[in-house]
Every structure is written in structure tokens, then in C-alpha cells.
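Take a look at the letters that make up each chain.
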Amino acid sequence: SQTIHQWPATLVQPVGSPLSLECTVEGTSNPNLYWYRQAAGRGLQLLFYSVGIGQISSEVPQNLSASRPQDRQFILSSKKLLLSDSGFYLCAWSSGANTEAFFGQGTRLTVV
Amino acid sequence: QQQVKQSPQSLIVQKGGIPIINCAYENTAFDYFPWYQQFPGKGPALLIAIRPDVSEKKEGRFTISFNKSAKQFSLHIMDSQPGDSATYFCAASRGGSEKLVFGKGTKLTVNP
């Protein structure tokens, strides 16, 4: 069966520090991978999605970047965190367009 | 064109009641409409999904009603239980697109 791993679960980082959140998927090949950010009262905002290795689409301009160095690995990064980067970050995968998206457990990021 | 509007923002019902959550969309190209359930501190999980070729879909106590002409769809929870207390998100995507557009969520509380 397929599983998605996302870590860490919580993270407190100072302003200006770098960020690296990792997500891996097991049990499937060539998944579509997604990074979402969830803010209170704002729902789930799609940040990045990837349909293959090295293929990244950015949905909103921001202080973050994403990379997909391997088929089942998706990384969310920042060189210098801002206070506004605080939030709940969710990684997800799907087997294709218009199919169910499976979410990880999320990372609660607090920038102080 | 990409927006999905969800209401109400929060909802409180008594055990056994039938909460109804509504969503409206603008993009007529959307053809996949899932509902996700999220418990605090967890990632969302697919609850039920519908495609526009049917007007209603039931899975257990959960029902989606779909009105293509009005561009609206809704989630009904029959015989609601305290364990149904969670945040519910509607979403939509269009054929060939990897992107799910989410509503802002509804926080449901079912009192014993």
C-alpha cells in the first residue's frame, strides 16, 4: 500500500534562518506531488506541484522554493524565513489528474 | 475562475442532526468535486467525491448533492455524531489539471 511521510511534525525557526521540509512517498511510482499551506480561515493554498523529477510548477510568488530530486521525494525550502512563512504545511500525492489526493500529517512551522 | 466558495465557516449541531455544507464554483470546466475531512493536527483525508454526470452520491452517512446548472454542490451528514466533529473542505479540479482548488473549510461541531 502507498504511504506518505512528512517531517518534521513541528518546527520553530528564527527569522532569517533556512528551511528544509521533506516529503517522501512509498508504494507508488511517478506520483504527482504537491505542497500546500494551510492558514486559519484560508483553507488550503497550493504552493507547488510536480508531475515528475525536476518538474516544479509554482502557484504563488513567495519566499519558498520546491525541488524533486527523486521520483518520490519532494522538498520545500527557503533560504531566509520570514514571519509570514509561519503556517501548517502539507505534502500530498496523487496518481494523476482528477484523482484522490493523499495528504501527509503536516508540519507546523512557527517562525519567531 | 479558479475560486471555490464554501459556507458556512462554522457549524454547530446536536447529535443526530443533519449538518449541510455548501460550495459554489465558477469554472464550468471543473469536473471532479471531492470533500475532505480534517481532524486537528492531521492532514485532510478524502471523504467522498462526485463527478458531474450524477446529481447525488451516498457513502454511508455522507451524501453529496450536485447541481450542475447552479454550479453548486453540498455535503450532508446524516445522523451526525460527535466523532464527526472536524473541519470539512470541498474542492474542485478540471480534467487534465493536477491542481485541486479548495474551499476555505467549515468547522463542524457535533454536540453530544
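Look up a bit, the structure's there.
Calculation criteria
- Residues numbered from 1 in each chain as written.
- Chains lettered and ligands numbered in written order.
- Predicted model: local features only at pLDDT ≥ 70, side-chain atom pairs only at ≥ 80, totals over all residues.
- Heavy atoms only, no water.
- Patch = residues over 30% accessible without salt bridge, like charges linked within 9 Å, V, L, I, M, F, W, Y side chains within 5 Å.
- Areas by Shrake-Rupley, 256 points an atom, 1.4 Å probe, with all protein chains shown as cover.
- Salt bridge = Lys/Arg side-chain N within 4 Å of Asp/Glu carboxyl O.
- Helix = DSSP H or I, 4+ residues; strand = E, 2+ residues; numbered from the N terminus.
- Buried < 20%, exposed > 50% of the residue type's maximum accessible area, 1.4 Å probe, protein only.
- Contact = heavy atoms within 4.5 Å.
- Buried area = accessible area lost by both parts, 1.4 Å probe.
- Polar contact = N/O pair within 3.5 Å; in protein donor to acceptor, adjacent residues only side chain to side chain.
- Pairing = 2+ DSSP bridges.
- Axes fitted to C-alpha atoms, helices over the stretch in contact; angles between N-to-C directions.
- Core = buried A, V, L, I, M, F, W, Y, C linked by side-chain atoms within 4.5 Å.

**Student:** How should a nonpolar patch on the surface be read in this particular structure?
**Tutor:** Residues and elements named next belong to chain B. A contiguous nonpolar surface patch, about 240 Å² in accessible area, is contributed by Ile 18, Ile 20 and Met 78. As for its placement among the helices and strands, Ile 18 is situated in the loop between β2 (10-14) and β3 (20-25). Note on Ile 18: relative accessible area 45%, which makes it partly exposed.

**Student:** Explanation requested: the interface of chain B and chain A in the structure shown.
**Tutor:** Listed per partner, the contact involves 22 residues of chain B and 22 residues of chain A. In total, chain B and chain A occlude about 1,800 Å² of area from one another, counting both sides; carbon and sulfur atoms represent 53% of this. Three residues, Glu 98, Lys 99 and Phe 102 of chain B, lead the burial of chain B against chain A; their summed loss comes to 32% of the area buried on that side. The interface formed by chain B and chain A contains 1 salt bridge. Of the charged contacts, one joins Glu 59 of chain A and Lys 99 of chain B as a salt bridge, the two residues approaching to 3.5 Å between their closest N and O atoms. Across the chain B-chain A interface, the total number found is 3 residue pairs in polar contact (both at pLDDT 80 or more). Elements with a minimum of two residues in the side of chain B that touches chain A: β4 (30-38) and β9 (86-94) of chain B.

**Student:** Would you mind going over the sheet that holds strand β1 (residues 4-7) of chain B with me for this structure?
**Tutor:** Within a beta sheet, neighbouring strands are joined by backbone hydrogen bonds and run either parallel or antiparallel to one another. Residues and elements named next belong to chain B. Spatially, the 5 strands line up as an open sheet ordered β1-β3-β8-β7-β6, and their pairing is antiparallel. Two strands in the sheet have a free side with no partner beyond their single neighbour: β1 and β6 (56-59). For this sheet the average axis-to-axis angle between neighbouring strands, irrespective of direction, equals 15 degrees. As paired elements, strand β7 (residues 62-67) and strand β8 (residues 72-77) share 6 bridges and run antiparallel to each other. By the bridge assignment for β8, Ile 64 is matched with Leu 75.

**Student:** Looking at this model, I keep getting lost on the nonpolar core. Mind explaining?
**Tutor:** What tends to happen in soluble globular proteins is that the nonpolar side chains get buried as a cluster. Counting residues in hydrophobic clusters, the biggest one holds 25 residues, and the most contacted among them are Val 4, Phe 33, Trp 35, Phe 73, Leu 75 and Tyr 88 of chain B. For this core, the elements supplying multiple residues, two or more each, are β2, β3, β4, β5 (45-50), β7, β8, β9 and β11 (106-111) of chain B. Take this core: its biggest share by element is 4 residues, from β9 of chain B. If we ignore the near neighbours within four places in the chain, the residues touching Phe 33 of chain B are Tyr 25, Ile 48, Ala 49, Ile 50, Pro 52, Ile 64, Phe 66, Phe 73, Ala 91 and Ala 92 of chain B. Counting 19 residues, the second largest nonpolar core, distinct from the first, contains Leu 21, Trp 35, Phe 74 and Cys 91 of chain A.

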